[in-house]
Every structure is written in C-alpha cells, then in structure tokens.
Amino acid sequence: MQPPVRYSPDVETEGPDEGRVIDELLETLRDIMETTSRDYGHAVRSVHAKSHGILRGELEILPGLPAELSQGIFARPGRHGAIIRISTNPGDLLHDSISVPRGLALKVIGVEGPRLEGAEGRNQDFIFVNGPVFTAPDPQTFLKNLKLLARTTDRAEWAKRGLSAVLRGAERIVEAAGGESATLKTLGGAPNVHPLGETYFTQTPYRHGDHVAKLSLQPASASLTRHSGQVIDTRGRPDAIRETLAADMQTGDVVWNLRVQLCRDLDRQPVEDPSVLWDEADSPFVTVARLHVPAQTGWTEEAAELVDDHMRFSVWTGIQDHRPLGAINRARRRPYRMSADFRQRFNGCPIHEPILTAEAGT
C-alpha cells in the first residue's frame, strides 16, 4: 500500500469558470427558498429541508491510532458531545413516498484548533450521504442537476409521488443490468430504505491534518445493522420515515463507526472529481472513532425546532485540519451561508453554534 498523500494547497485546482457557476448555484438555491418560504410561511433549508431524525450522542475518539490517522480532531483520544440530523435531499417538505437519498449531518461539539475562515463557534461539522460518490463530477454538472430539482419545487405532490414510483422501477431495471443511476436516485428513484441501516459517506474529500481523506459512518451495533436494506412502508403515511425512526430509536442504544479513507494516489483518488470511487483495495476505510447514541425518541417537534430553525450544518464549519477540498466543496461555501442567513432573516430566529454539550442543547 502506498503512503498517504501529503496535504498541500496544490492538491486542489480551481477551474476557470467556478465563480460564475457558484453565482448561478446561489441564485438557484435562493429561488428554491423563496418559493418554499412563500408556500409554507416559514423558511426551510434550500436542500435537505425535511428532517427525519434529530439525535444527541457522543463521539468517542479511539486511542492508539497510527500517526497517519491520528490527525485533527482525531489526534487525541477523548469524547465530544454530538448532534445528528438525518434528512432527505429536496428543498421542499415532501410526502415520504417520494424516495430520495438519505443524508446525515454530524456536529461534533467542542473542537480545538485554528478555525476555518468564517467558521463560528468551536464545533466541527461533517456532512454524509448514503452513497460513496457524489452525483456530479464538477460544479457545472451539479448546477445542472440542481436546476432539475428546482423545476420540481412547488409542483403538485401527487405527480411527484407517481414519478417517484416510476423512477424506482427504472432504477431497479438499471441495477438488474449491473448499473446504477445517480440521477434517477436523486430525482426520486432511490430505494425507500430505513436511514438507521445505511452506511453514510462524505463523498467529497477533506484535509486530514497532514493528509487528505474521505470519511464514512458505518452501522456497528446490531440495533442499527438489523435495519440494513429494510424498506419503510409509506402508504398513507406522509411522515413515515420520522415516525419509524422515532419509534426504533427508543428500542436501544446505537453505535456507528466513524471511518477514514486516506488518499494514497491523486490520479486514482482525485480530489477535484467526487464522482470517482476511491477503491478500498487501494486504501481501505479504517475506524478512528465511534458515535454512541443512547436510546431516545428519534424525532420530536421540540428537537426539530431547535435544530432545524436555530442551527446550521456546513462543511465549512470546523477547523483548518479538516478543510473541505475540491470544487464541489468550494461551490458549497457561499450557498450554505446564504441558506442560513435567509432562514434567519425570514423566520426571525437567530442561528448559532451550540457552545457546551449536545445534552445542554445550547
């Protein structure tokens, strides 16, 4: 196995048209938010608007890690409070029969180290999706896909539900032939799986102290793995996912493994194209921490109000040792800030970083 790539600013290469594309991303996401806030009388996130799980737990950094993994927040063993938000990716609040990829946002509380520019508080955010690669190789394709989603915002929900069923059927045909379509899944063809049984990936790379890495959350406890591949019945249940998650999280404690995959070859594991799978044969994921979540109600109105209205999750909230890398992450920076500022202004609710522990909720 090759040694890990050393981080330097040279691992990134900014494209000549990035600024214009990011401006268009910003406009598209703002259009989505203006539409949904007008419909709901309340501003929600421009993507991942609907939460299905709000959890509080603790991240345990493991001792005895090798030097190449013992980087950033993983350099010292210890425990940090954690807040987890589980969601799906559209920017509107849809019936759960419209099946789309699952997302998991993790906020690690009380992290030491020099901050990224503009990163408030003392926390570290990681954003995960239940698939190992991003749907677009570059910001231009990301913008094209986002505009497809934007055109469905504010359309009749019954039509979206019908389309989702058709797309799920199309995706099954593609997979039966040995393929997979990220576009079909994004538009509503993803399997309607239980979020607690899924493995989640950052998809995009981060700086990992002296190195470069992607991260993953993998179910570790039987209380999670028993849900792997489980399909949730959404018939007549517009909020089936949060109802199922709220009930199942009360049956016992759960544990995820937080894993790191180091970049060992920039040609085979590119930083700028997150649609390329980093082969685990070249560099396997290795567990560096465990995310412990005690039994609790997995979603409540009160918890959702606190996290959905008063908090932001952003790959750009964190320390310099975990700087987000690549064009997609650079394209996320301004839109993430715009989305939070829009919600704060429209709802009249201040958005802030928790400053003590996940249990304190402050």
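Going by an unreviewed UniProt entry, the chain carries the name Catalase family protein and comes from Paracoccus aerius.

1. Remarks on the overall build of the chain
The number of helices and strands found in the chain is eight helices and nine strands. Per element, the accessible surface of the chain, about 14900 Å² overall, is 52% carbon and sulfur.

2. A few points about the packing of aromatic side chains
Enumeration according to the criterion identifies five aromatic pairs in this entry. Ring centres of phenylalanine 126 and tyrosine 206 lie 5.4 Å apart, and the angle between their planes is 65°; this geometry places the pair in the edge-to-face category. Of the two residues, phenylalanine 126 is situated in strand E4 (residues 124-129) and tyrosine 206 in strand E6 (residues 206-208); the sequence distance between them amounts to 80 residues. Ring geometry for phenylalanine 342 versus phenylalanine 346: centroids 6.1 Å apart, planes at 5°, classification stacked. In this pair, phenylalanine 342 and phenylalanine 346 both sit in helix H8 (residues 327-347), four residues apart, roughly one turn of the helix. Residue phenylalanine 346 is classed as partly exposed on the basis of its relative accessible area of 41%. Linked through ring pairs, Phe126, Phe128 and Tyr206 together constitute an aromatic cluster. The ring of phenylalanine 313 has lysine 107 lying over it, and the distance from NZ or CZ to the ring centre is 4.9 Å. Against the face of tryptophan 316 rests arginine 333, its NZ or CZ located 4.1 Å from the ring centre.

3. Side note on the pattern of salt bridges
Enumeration according to the criterion identifies 23 salt bridges in this entry. Arginine 330 is the salt-bridge partner of glutamate 12, the closest N and O atoms lying 2.9 Å from each other. Of the two residues, glutamate 12 sits in the segment before helix H1 (18-40) while arginine 330 sits in helix H8, which places them 318 residues apart along the sequence. One exposure class covers both glutamate 12 and arginine 330, and it is buried. The residue arginine 330 makes a salt bridge to glutamate 272 at a minimum N-O spacing of 3.1 Å. Here the residue arginine 330 occupies a position in helix H8, and glutamate 272 occupies one in the loop between strand E8 (254-262) and strand E9 (286-293), the gap between them amounting to 58 residues. Taken as a pair, arginine 330 and glutamate 272 share a single burial class, namely buried. Taken together, the shared-partner salt bridges connect Glu12, Glu18, Glu272 and Arg330 into one network.

4. Considering helix H6 (residues 240-248)
The element H6 is extensively covered by neighbouring structure, given that seven of its nine residues are classed as buried. Every buried residue of H6 is accounted for by Ala240, Ile241, Arg242, Thr244, Leu245, Ala246 and Asp248. Against the buried residues of H6 lie strand E1 (51-61), strand E2 (78-88) and strand E3 (102-108).

5. Regarding the packing of H1 against H8
Remark: H1 packs on H8, axes separated minimally by 9 Å, with the N-to-C direction vectors making an angle of 30°. Relative to H8, the element H1 lies roughly parallel. In the packing of H1 onto H8, the handedness of the crossing is right-handed. Where H1 approaches H8, its residues Glu18, Ile22, Asp23, Leu25, Leu26, Leu29, Arg30, Met33, Glu34 and Ser37 are matched on the opposing element by Ala327, Arg330, Ala331, Arg334, Pro335, Met338, Ser339, Phe342, Arg343 and Phe346.

6. A look at the environment of leucine 62
Mapped onto the elements of the fold, leucine 62 is located in the loop between E1 and E2. Given a relative accessible area of 13%, leucine 62 falls into the buried group. When the C-alpha atoms of leucine 62 and alanine 75 are compared, they prove to be 9.3 Å apart, with 13 residues separating the residues in sequence. Once you skip the residues sitting within four places of it in the chain, leucine 62 turns out to touch Pro77, Thr287, Val288, Ala289 and Arg290.

7. Re the pairing of E1
Along any regular strand, the residues point their side chains to alternate faces of the sheet. Burial analysis of E1 places nine of its 11 residues in the buried class, which makes it a mostly covered element. As paired elements, E1 and E2 share 10 bridges and run antiparallel to each other. Along E2, the bridge assignment pairs glutamate 60 with arginine 79.

8. Some thoughts on the nonpolar core
Taken as a class, soluble globular proteins show a tendency for nonpolar side chains to be buried jointly. Within the largest apolar cluster, 52 residues are counted, with the highest numbers of intra-cluster contacts made by Phe74, Leu104, Leu106, Phe128, Trp256 and Leu291. Ranked by the residues each element gives to this core, the list is headed by E8, at five residues. With near-sequence residues (within four places) excluded, leucine 291 lies in contact with Glu58, Leu59, Ala82, Ile84, Leu106, Leu217, Val254, Val255 and Trp256. Counting 17 residues, the second-largest nonpolar core is a separate cluster that includes Val21, Leu25, Leu146 and Met338.

9. Focus on the confidence of the model for the chain
Confidence in the prediction of the chain, expressed as mean pLDDT, is 88, and 87% of residues score 70 or more. When the criterion is pLDDT under 50, residues 155-188 qualifies, and its contacts beyond four places in sequence or with other chains add up to 59 contacts. The low-confidence segment residues 357-362, where pLDDT is below 50, has 17 contacts with residues more than four positions distant or belonging to other chains.

10. What about the pairing of E9?
With four bridges joining them, E1 and E9 adopt antiparallel strand pairing. Opposite glutamate 60, over in E9, you have arginine 290 as the bridge partner. Sheet topology places E8 next to E9; seven bridges connect them, and they run antiparallel. Residue pairing for E9: valine 255 is matched across the bridge by histidine 292.

Parameters at a glance
- Residues numbered from 1 in each chain as written.
- Predicted model: local features only at pLDDT ≥ 70, side-chain atom pairs only at ≥ 80, totals over all residues.
- Heavy atoms only, no water.
- Helix = DSSP H or I, 4+ residues; strand = E, 2+ residues; numbered from the N terminus.
- Areas by Shrake-Rupley, 256 points an atom, 1.4 Å probe, with all protein chains shown as cover.
- Phe/Tyr/Trp six-rings, centres within 6.5 Å; stacked < 30°, edge-to-face > 60°.
- Buried < 20%, exposed > 50% of the residue type's maximum accessible area, 1.4 Å probe, protein only.
- Lys NZ or Arg CZ within 6 Å of the ring centre and 35° of its normal.
- Salt bridge = Lys/Arg side-chain N within 4 Å of Asp/Glu carboxyl O.
- Contact = heavy atoms within 4.5 Å.
- Axes fitted to C-alpha atoms, helices over the stretch in contact; angles between N-to-C directions.
- Parallel < 35°, antiparallel > 145°, perpendicular 65-115°, else oblique.
- Left-handed = near helix turned anticlockwise from the far one by under 90°.
- Pairing = 2+ DSSP bridges.
- Core = buried A, V, L, I, M, F, W, Y, C linked by side-chain atoms within 4.5 Å.
- pLDDT = per-residue confidence, 0-100.

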